Structures are given as C-alpha cells and as structure tokens.
Amino acid sequence: MSIIKNYFKQNRVTHTFSSCQWPIGDPQEKDFHFCEADTLTGKPYCQDHCDVAYIDERELKKEKEAQKNRRIAA
Ligand SMILES: [Zn+2]
C-alpha cells in the first residue's frame, strides 16, 4: 500500500477526482480527452457517466432478482 501512497504523492494525485475521469474518444487519437464534468461525491465520474459505468452492476442485480422471483413462482 505504501507504494501506492508514494505514487500518489509523487504525482500529486488525490484519491478523489474533482472532474469526471470518463475517457472520451480513442486514446490513440489526439482529440482524446476526459469528460471533466463535476463528479458525484466519492465517484470518479459525473452523474451521466456514473449511470453508464454502474449500469452493468445494476442490470446484473436486477437479473438475479428476476431469476429468484421466477424460481419462487415456479
Ligand atoms: Zn462525465
């Protein structure tokens, strides 16, 4: 863990980002950039990109719930 701490210290990076870290475009292209909108508290992304980033998790949960309900119904 101390290696990571030093890394952050050296690069003057904090754990909390004040601007959205969502990558936009292709990293190979020169117009590649980050969204840089205001982030949600404790999240590296803005509201819009949190919705996108965490949708899979939510969908998985929903799918599990649906399976449970189906089993109960059967
Ligand atoms: Zn964003």
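See the structure above.
Residues numbered from 1 in each chain as written. Predicted model: local features only at pLDDT ≥ 70, side-chain atom pairs only at ≥ 80, totals over all residues.

Here we come to the overall build of the protein. Across its full length, the protein carries three helices and two strands. Ordering the α and β elements of the protein from the N terminus gives α-β-β-α-α. A total of 74 residues make up the protein; the buried ones form 5% of that total. The long-range fraction of contacts in the protein, counting pairs at least 24 apart against all pairs at least 6 apart in sequence, stands at 14%. (Helix = DSSP H or I, 4+ residues; strand = E, 2+ residues; numbered from the N terminus. Buried ≥ 20, exposed ≤ 12 C-beta atoms within 10 Å, placed from the backbone. Contact = placed C-beta atoms within 7 Å.)

It is worth spelling out unusual backbone geometry at this point. With phi around 65°, Glu36 is a residue other than glycine that occupies positive phi space. Structurally, Glu36 is set in the loop between strand 2 (33-34) and helix 2 (47-53).

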